[in-house]
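Here's the letter readout for the chains.
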Amino acid sequence: MKFLKILLGIIVVLAIIIIVGGFFLPKSYTVSRSTVINAPDSVIYKNVADFKEFYKWNPWAKMEPSAKTTYAGIAGEPGHLYEWKGKETGSGYMKIKSVAPNKQVDIELKFIEPFESLADTKFDIQPEGSSNKVTWTMSGENNLISKWMCVFVSMDKMIGKDFEDGLKYLKEKSEKGS
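Just so it is clear, the model here is predicted, and its values are computed rather than measured.

Enquirer: Explanation requested: the overall build of the chain in the structure shown.
Expert: Helix and strand counts for the chain come out as six helices and seven strands. Within the span of the chain, comprising 178 residues, buried residues form 39% of the whole. Here the contacts in the chain between residues at least 6 apart in sequence split such that 53% fall between residues at least 24 apart. Entry remark: accessible area of the chain is about 10600 Å², with carbon and sulfur atoms responsible for 62%.

Enquirer: Looking at this model, I keep getting lost on the side chain of Ser-91. Mind explaining?
Expert: With respect to the helices and strands, Ser-91 occurs in strand E4 (residues 90-100). Overall, the relative accessible area of 6% leaves Ser-91 in the buried class. Here Ser-91 is in contact with Trp-84, Lys-85, Lys-110, Phe-111, Ile-112 and Glu-113, once residues within four sequence places are set aside.

Enquirer: So what exactly am I meant to see when it comes to a nonpolar patch on the surface here?
Expert: The grouping of Met-1, Phe-3, Leu-4, Leu-7 and Ile-11 at the surface amounts to a nonpolar patch, some 580 Å² of accessible area in total. The residue Leu-4 is located in helix H1 (residues 2-22) in this model. The class of Leu-4 is exposed, set by a relative accessible area of 52%.

Enquirer: Can you walk me through the sheet that holds strand E6 (residues 117-128) in this structure?
Expert: Backbone-to-backbone hydrogen bonds join strands into a sheet, with any given pair of strands oriented parallel or antiparallel. In space, the seven strands of this open sheet follow the order E1-E7-E6-E5-E4-E3-E2, with antiparallel pairing throughout. The outermost strands of the open sheet, each flanked by one partner alone, are strand E1 (28-37) and strand E2 (68-72). Neighbour-to-neighbour, the strand axes of the sheet open up by a mean angle of 15°, direction not taken into account. With nine bridges connecting them, E4 and strand E5 (residues 104-113) associate as antiparallel partners. Note on E5: the bridge partner recorded for Val-99 is Val-105.

Enquirer: It is not clear to me how the packing of aromatic side chains should be interpreted in this structure. Could you clarify?
Expert: The relation between two aromatic rings is expressed through the spacing of the ring centres and the mutual angle of the planes. Scanning all chains against the criterion turns up 15 aromatic pairs. Ring pairs connect the aromatic residues Phe-51, Phe-54, Tyr-55, Trp-57, Trp-60, Tyr-71, Tyr-82, Trp-84, Phe-111, Phe-123, Trp-136 and Phe-163, which therefore count as one cluster. Over the face of the ring belonging to Tyr-169 we find Lys-62, whose NZ or CZ atom lies 4.8 Å from the ring centre.

Enquirer: When you look at unusual backbone geometry in this model, what are you seeing that I'm missing?
Expert: With the exception of glycine, most residues fall at negative phi, and the peptide bonds are largely trans. In the segment running from Glu-113 into Pro-114, the intervening peptide bond is cis, with an omega of 5°. Here the phi dihedral of Asn-102 falls at roughly 65°; this positive angle occurs in a residue that is not glycine. Taking relative accessible area as the criterion, Asn-102 reaches 27% and is therefore assigned partly exposed.

Enquirer: Just checking my understanding: could you explain the pairing of E6 for this structure?
Expert: Two faces make up the sheet, and in a regular strand the side chains alternate between them. Bridge count for E5 against E6 is eight bridges, and the pairing is antiparallel. Of the residues in E6, the one forming a bridge with Val-105 is Phe-123. Linking E5 to E6, which pair antiparallel, is a turn of three residues. Bridging between E6 and strand E7 (residues 131-141) involves 10 bridges; their strand directions are antiparallel. Bridge pairing in E7 links Pro-127 to Asn-132. From the end of E6 to the start of E7, which pair antiparallel, there are two residues, and Gly-129 there has a positive phi angle of about 65°.

Enquirer: Which parts of the structure should I look at to understand the pattern of salt bridges?
Expert: Pairing between side chains becomes possible if they bear opposite charge and their charged atoms approach one another. Under the criterion given, the structure shown has 13 salt bridges. Notably, a salt bridge pairs Glu-53 with Lys-46, separated by 3.9 Å at the nearest N-O pair. Lys-46 sits in the partly exposed class, given a relative accessible area of 44%. Across the pair Glu-116 and Lys-110 runs a salt bridge whose closest N-O atoms are separated by 3.1 Å. For Lys-110, a relative accessible area of 22% corresponds to the partly exposed category. Overlapping salt bridges bring together Lys-46, Asp-50, Glu-53, Lys-56 and Lys-173 as one network.

Cut-offs used in this document
Residues numbered from 1 in each chain as written. Predicted model: local features only at pLDDT ≥ 70, side-chain atom pairs only at ≥ 80, totals over all residues. Heavy atoms only, no water. Helix = DSSP H or I, 4+ residues; strand = E, 2+ residues; numbered from the N terminus. Buried < 20%, exposed > 50% of the residue type's maximum accessible area, 1.4 Å probe, protein only. Contact = heavy atoms within 4.5 Å. Areas by Shrake-Rupley, 256 points an atom, 1.4 Å probe, with all protein chains shown as cover. Patch = residues over 30% accessible without salt bridge, like charges linked within 9 Å, V, L, I, M, F, W, Y side chains within 5 Å. Salt bridge = Lys/Arg side-chain N within 4 Å of Asp/Glu carboxyl O. Pairing = 2+ DSSP bridges. Axes fitted to C-alpha atoms, helices over the stretch in contact; angles between N-to-C directions. Phe/Tyr/Trp six-rings, centres within 6.5 Å; stacked < 30°, edge-to-face > 60°. Lys NZ or Arg CZ within 6 Å of the ring centre and 35° of its normal.

All quantities given are derived from atomic positions and should not be read as evidence of function.
Written out as structure tokens, the structure reads:
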């Protein structure tokens, strides 16, 4: 009986630490990477805003090309949708919220599996000399679990390398003119 009281006490103390500690951890996250691409803004924009083109350079599609994908809506328009379901990449969707042609694509990114979360993803295209600087940014809110996960591994470390790879593939595809 004494053992159960001690065990219950430990569980209560841990629960309090987790909940109260969560109030002091970051409420949101932002991951951002940039690259300069020697291609017209219209080519870069098409490779981002048309999800069938996005799929061709998407680092997660390269990780799991067997994932089931579907597309809906008009490419480059609000409502354009890309959904995926895979064993390694989980499932979710990307839906264009707004666009500024050849300048910005704002996307709602929803992960459904293995963990549900919602993020805002933006691609900004800005002239830089005779080239264009592309910045890929993802931001979202941390729930209690993700707040504690970020104590051990930050979102930047988890997906920053994927963003760098994706921008490298976008650069290669865009500079080829396709």
